[in-house]
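Each chain, written out:
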Amino acid sequence: MYRAVNSKRPVNLDLTTIHFPLPALTSIAHRITGVILFVGLIFAFWALDKSLSSPEGFAAVKDALAHNFLAKLIAWGLLSALAFHFVAGIKHLLMDAGFGVTLEGGVKKAQATVVLSAVLIILAGVWVW
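Quick look at the structure, then.

Here is what the cut-offs are and how they apply
Sequence positions are assigned chain by chain, starting from 1 and proceeding in written order. Since the coordinates come from a predicted model, pLDDT governs what is reported: local features require at least 70, and pairs of side-chain atoms require 80 or more to be given and counted, while whole-chain, interface and lining totals use all residues. Excluded from the side-chain calculation are hydrogens and water; included are all heavy atoms of the structure. Numbered from the N terminus, helices here are DSSP runs of H or I no shorter than four residues, and strands are runs of E no shorter than two. When we talk radius of gyration, it's over C-alpha atoms, and the globule rule is simply 2.2 Å times the number of residues to the 0.38. It only takes one pair of heavy atoms within 4.5 Å for two residues to be counted as in contact. Note on areas: Shrake-Rupley with a 1.4 Å probe; residue coverage comes only from the protein chains shown. The charged-residue count follows a simple rule in which Lys and Arg add positive charge and Asp and Glu add negative charge, with His and chain termini not counted at all. Every charge is mapped onto a representative atom, which is NZ of Lys, CZ of Arg, CG of Asp or CD of Glu. For the purposes of these results, a polar contact is taken to be a pair of N or O atoms within 3.5 Å, where, inside protein, one atom must be able to donate a hydrogen and its partner to accept one; residues adjacent in sequence count only when each atom of the pair is a side-chain atom. Each Phe, Tyr or Trp ring, with Trp reduced to its six-membered ring, pairs with another whose centre is within 6.5 Å; inter-plane angles below 30 degrees give stacked pairs, above 60 give edge-to-face pairs, and intermediate values give tilted ones. Buried means the residue's accessible area, taken with a 1.4 Å probe over protein chains only, is under 20% of the maximum for its type, while exposed means over 50%, and partly exposed covers the values in between. Two distance rules govern patches: like charges are joined within 9 Å, and nonpolar side chains (Val, Leu, Ile, Met, Phe, Trp, Tyr) within 5 Å, applied only to residues with over 30% relative accessible area and no salt bridge. When a carboxyl oxygen of Asp or Glu is within 4 Å of a side-chain nitrogen of Lys or Arg, the pair counts as a salt bridge. An axis is simply a line fitted to the C-alpha atoms; with a helix, the fit covers only the stretch in contact. Between two such axes, the angle follows the N-to-C directions and lies from 0 to 180 degrees. Orientation categories follow fixed angle ranges, with anything under 35 degrees roughly parallel, anything over 145 roughly antiparallel, 65 to 115 roughly perpendicular, and all other angles oblique. To estimate the expected span of a helix, count its residues, drop one, and scale the result by 1.5 Å.

1. Digging into the overall build of the chain
So, step 1. For the chain, the count of helices and strands is four helices and zero strands.
So, step 2. Element order for the chain, N to C, with α for helix and β for strand: α-α-α-α.
So, step 3. In terms of C-alpha radius of gyration, the chain reaches 20 Å, well past the compact-globule figure of 14 Å for 129 residues.
So, step 4. Judged by the C-alpha coordinates and their principal axes, the chain covers about 70 × 35 × 25 Å.
So, step 5. Sequence separation of 24 or more characterises 71% of the internal contacts of the chain that already satisfy a separation of 6 or more.
So, step 6. When the accessible surface of the chain is totalled, it reaches about 9,800 Å², and 74% of it is carbon and sulfur.
So, step 7. Across the chain, the mean location of the 10 positive side-chain charges is 14 Å away from that of the 6 negative side-chain charges.

2. Topic: the side chain of Ser117
So, step 1. Here Ser117 shows up in helix α4 (residues 103–128).
So, step 2. At 3.1 Å, the side chain of Ser117 forms a polar contact with the backbone oxygen of Val114.

3. Brief notes about the packing of aromatic side chains
So, step 1. Throughout the structure, instances matching the rule amount to one aromatic pair.
So, step 2. With 5.3 Å between their ring centres and 40 degrees between their planes, Phe69 and Trp129 make a pair best called tilted. With a gap of 60 residues between them, Phe69 in helix α3 (residues 69–96) and Trp129 in the segment after α4 connect regions that are remote in the sequence.
So, step 3. Residue Trp129 is classed as partly exposed on the basis of its relative accessible area of 44%.

4. Points about a nonpolar patch on the surface
So, step 1. Together, Leu15, Ile18, Phe20, Leu22, Leu25, Ile28, Ile32, Ile36 and Val114 make up a nonpolar patch on the protein surface, roughly 720 Å² of accessible area in all.
So, step 2. Of all the elements, helix α1 (residues 22–53) adds the most residues to the nonpolar patch, at five residues.
So, step 3. Checked against the element boundaries, Phe20 lands in the segment before α1.

5. What about the packing of α1 against helix α2 (residues 55–67)?
So, step 1. Viewed as axis vectors pointing N to C, α1 and α2 meet at an angle of 135 degrees, and their least axial separation amounts to 5 Å. Between α1 and α2, the crossing angle belongs to the class labelled oblique. Contacts between α1 and α2 involve Ala47, Lys50, Ser51 and Ser53 on the former and, on the latter, Gly57, Phe58, Ala60 and Val61.

6. Looking at α4
So, step 1. In this model, α4 (26 residues) spans 37 Å end to end at C-alpha, consistent with the 38 Å of a helix rising 1.5 Å per residue.
So, step 2. Among the residues making up α4, those that are buried are Gly105, Gly106, Lys109, Ala110, Thr113, Ser117, Ala124, Gly125 and Val128.
So, step 3. Against the buried residues of α4 lie α1 and α3.

See the structure below:
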């Protein structure tokens, strides 16, 4: 019987000791922001439903987004997740099309993803706050 894995190989299951390259970190963050956006839809749909229910509901949502720190923080967090997820999604689409699939191209696209999404997150923060 053949063994697929050499049993003398060290096994490291402690993820805190593994140093991931930047492309791997951006890919992991892309998945995390997708989950954040999925969960954030609960708040977004609630605010949309409340704001469309009546003029008073619209005023309440408008007031919360204008004066409530937690509402602003949630809005900025969702916009930040959306910005990163969008930029990283474009990066993945470019990879699927065959652009930058080399090691150097992957690192450069990951760097561009981080920089561009940071700019968008700062702009979202300026807009929300």
